[in-house]
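Listed here are the chains, written in short residue letters.
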Amino acid sequence: MAGITKDLAHRIAHFARFPQTGVSLRQMVEFGQNPSQGTLLRAAQFLHDELPIRLAHRVVELDSLPDNLNQMPSVLRVKRMYIDSFNELINFPRVSDRIKSAVKNATVKGMMERRHLPGNHPNPACSDIQRNTSSTHWIPSIQHRYHYEVKPTELPVEVSEYNRSFVKALERIKRRHDPVVTTLAHGVVEYKQLLKTDRIDNHVQHFLDRFYLSRIGIRMLIGQQIELNQQQRHPDYVGVICTHTRVADVVQEAIDNARYICGDYYMLMNVPEIELHCPKDLAFMYMPSHLHHMIFELLKNSLRAVVELYGDESENYPPIKVVVAEGNEDITIKVSDEGGGIPRSAIEEVWTYMYTTAQTPMLDPEFDKSDFKAPLAGFGYGLPLSRLYARYFGGDLKLISMEGYGTDAYLHLSRLSNNEEPLA
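For clarity, every value in this text was computed on a predicted model and none was experimentally measured. (Residues numbered from 1 in each chain as written. Predicted model: local features only at pLDDT ≥ 70, side-chain atom pairs only at ≥ 80, totals over all residues. Heavy atoms only, no water.)

Participant: Please provide a residue-by-residue account of the overall build of the chain, values included.
Facilitator: If you tally the helices and strands in the chain, you get 12 helices and eight strands. Within the chain, the fraction of its 424 residues that count as buried is 54%. Within the chain, contacts between residues at least 6 apart in sequence are counted, and of these 83% link residues at least 24 apart. (Helix = DSSP H or I, 4+ residues; strand = E, 2+ residues; numbered from the N terminus. Buried < 20%, exposed > 50% of the residue type's maximum accessible area, 1.4 Å probe, protein only. Contact = heavy atoms within 4.5 Å.)

Put into structure tokens, the structure is as follows:
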């Protein structure tokens with residue numbers, strides 16, 4: 001690895017040999033209900049061990065990309081972000097023996113006292129993700145590493161001080177990684193320009209899937225730890241997870257935002273209507289920001305298809321329909337449009353990063369917005385990233401299209417919340 005010391009390169013390679021430990025949505029919620037400072041310290045210790053492993057996996061993979069993709073300026077910038085965060089974490093002070101002893105004595109040990117933490121189920125997306133099974137290192141299960149229930153007894157003031165200090169480090173890392181999606185997108189643009197091609201091959205496609213899924217997981221763990229340490233808490237939230245996500249409210253907000261963006265972009269007086277058919281009181285445990293992001297991207301595509309098929313001066317656009325169905329395993333959201341559809345030969349291409357019929361925008365090299373705020377419409381990232389967000393918690397996103405008529409998008413969301421992270 002060029003540009004870093006041999007010792008740091010050795011430590012990255014060492015951590016990358018350890019397997020990653022997955023956490024399910026339900027485990028995060030069960031653990032995060034009314035945590036004590038001691039419990040938060042145990043979670044901090046887990047992240048202090050786990051995050052360097054996840055970051056090291058990505059650094060090694062970025063460094064070994066083929067065909068000079070690993071030498072693209074923007075890819076090198078992303079690798080530097082991950083190296084800096086890895087270095088910051090491994091050099092962050094360990095918990096002192098005094099604090100360890102106090103927290104250990106307060107840790108719930110008996111089976112009668114311990115609150116049961118639900119187990120993980122295999123994530124369906126794992127079959128599509130190349131997993132590393134070559135490690136000979138044993139990492140304790142999540143029940144032993146993430147969830148330690150510590151009694152709310154009097155603990156040394158250093159415990160809360162350590163938690164605050166660790167949260168500040170996590171906030172720095174989170175800010176550092178805000179521009180990762182757009183920066184790596186630029187790296188792929190540079191790579192395509194180098195090879196003088198309009199497409200990326202399957203190897204790069206699978207790499208991007210693994211990389212962005214890992215990023216979702218890293219930001220999820222960091223965001224959850226930061227929020228759990230905040231003093232003010234919403235009754236429906238455990239960290240960043242909403243235990244009572246009202247589907248109709250989130251979808252309606254996405255509808256309003258998508259219609260506004262569409263009207264502003266095309267300068268329309270008459271924006272296509274979007275009809276919502278959803279059980280009014282339907283709610284489940286989920287991340288509202290993830291749900292909004294996925295629905296917004298689907299609606300944005302449908303609105304664009306309808307407007308460009310009928311023209312921006314039409315006064316009679318066919319409505320886009322959003323239908324929400326509640327099942328025992330999944331909540332399924334169907335977005336239907338009459339925007340002309342997609343040729344059958346192009347269906348698989350819409351999942352390819354950088355596949356877009358819009359002009360690819362050029363971002364300033366110092367652009368530092370996160371993936372939720374970045375102008376990705378011209379990068380062809382909307383659908384691939386939305387599918388990853390769905391798959392991260394055991395759901396999926398599928399398209400069925402009738403060329404010459406329109407497209408139906410089916411967003412499946414697991415309501416069981418016990419799928420393990422699809423780590424690779």
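Participant: Could you give an account of the sheet that holds strand β1 (residues 237-238), naming the residues involved and the relevant values?
Facilitator: Strand order in the open sheet formed by three strands is β1-β2-β4, and the pairing between neighbours is antiparallel. Strands at the two margins of the open sheet, each flanked by one partner only, are β1 and β4 (283-286). Bridge analysis of strand β2 (residues 241-246) against β4 gives three bridges, and the strand direction is antiparallel. In the strand pairing of β4, C242 is matched with Y286. (Pairing = 2+ DSSP bridges.)

Participant: Can you tell me about the packing of aromatic side chains, naming the residues and giving the values?
Facilitator: Per the counting criterion, the structure on display carries 13 aromatic pairs. Measuring from centroid to centroid gives 5.3 Å for F15 and F86, while their planes differ by 85 degrees, and the two rings are edge-to-face. Of this pair, F15 sits in helix α1 (residues 6-16) while F86 sits in helix α4 (residues 73-90), and the two are 71 residues apart along the sequence. Classification of F15 by relative accessible area gives buried; the value is 17%. Geometrically, the ring pair formed by Y212 and Y381 is edge-to-face, given 5.6 Å between the ring centres and 70 degrees between the ring planes. Taken together, the positions of Y212 in helix α9 (residues 202-228) and Y381 in the loop between β6 (330-337) and α12 (382-392) put the pair 169 residues apart, joining distant regions of the chain. With relative accessibility at 0%, the residue Y381 sits in the buried group. Among the aromatic residues, those joined into a ring-pair cluster are Y82, F207, F211, Y212, Y353 and Y381. (Phe/Tyr/Trp six-rings, centres within 6.5 Å; stacked < 30°, edge-to-face > 60°.)

Participant: Lay out helix α7 (residues 157-176) with the relevant residues and their values.
Facilitator: Under the 1.5 Å per step criterion, the end-to-end length of α7 is 29 Å for 20 residues, consistent within 8% with the ideal 28 Å. Within α7, burial applies to V159, S160, Y162, N163, F166, V167, A169, L170 and I173. Contacts from the buried residues of α7 go to α3 (37-63), α4, α5 (97-106) and α9. (Expected span 1.5 Å × (residues − 1).)

Participant: Give me the environment of I222: which residues, what numbers.
Facilitator: Following the sequence through the fold, I222 ends up in helix α9. Every residue in contact with I222, bar those within four places of it in the chain, is listed here: L51, L170, I173 and K174.

Participant: Before we move on, could you go through α1 and cite the residues and values that matter?
Facilitator: Every buried residue of α1 is listed here: L8, A9, I12, F15 and A16. One side of α1 holds all its buried residues, which, seen down the axis, span an arc of 130 degrees. Looking at α1, the residues exposed on the side facing more than 90 degrees away from the buried face are K6, D7 and H10. In this fold, the buried residues of α1 make contact with α3 and α4. (Arc of directions from axis to C-beta.)

Participant: Pulling in residues and values, what's your account of unusual backbone geometry?
Facilitator: Here the phi dihedral of D67 falls at roughly 55 degrees; this positive angle occurs in a residue that is not glycine. Within the secondary structure, D67 is located in the loop between α3 and α4. Classification of D67 as partly exposed rests on a relative accessible area of 46%. In the Ramachandran plot, M267 falls in the positive-phi region, its phi being about 55 degrees despite a non-glycine side chain. Among the residues examined, M267 registers a relative accessible area of 72% and is labelled exposed.

Participant: Go over the sheet that holds strand β7 (residues 396-402), please, and point to the residues and values.
Facilitator: Spatially, the five strands line up as an open sheet ordered β3-β5-β6-β8-β7, and their pairing is mixed. Of all the strands in the sheet, the pair left with one neighbour each is β3 (274-277) and β7. When strand polarity is set aside, the average angle formed by the axes of neighbouring strands in this sheet is 15 degrees. Pairing of β6 with strand β8 (residues 406-414), which is carried by eight bridges, proceeds in the antiparallel orientation. Looking across to β8, one finds that T332 is bridged to H412. Taken strand by strand, α12 contacts β7 and β8, and its axis lies near 135 degrees from that of β7. (Axes fitted to C-alpha atoms, helices over the stretch in contact; angles between N-to-C directions.)

Functional significance is not addressed by these values, which are geometric in nature.
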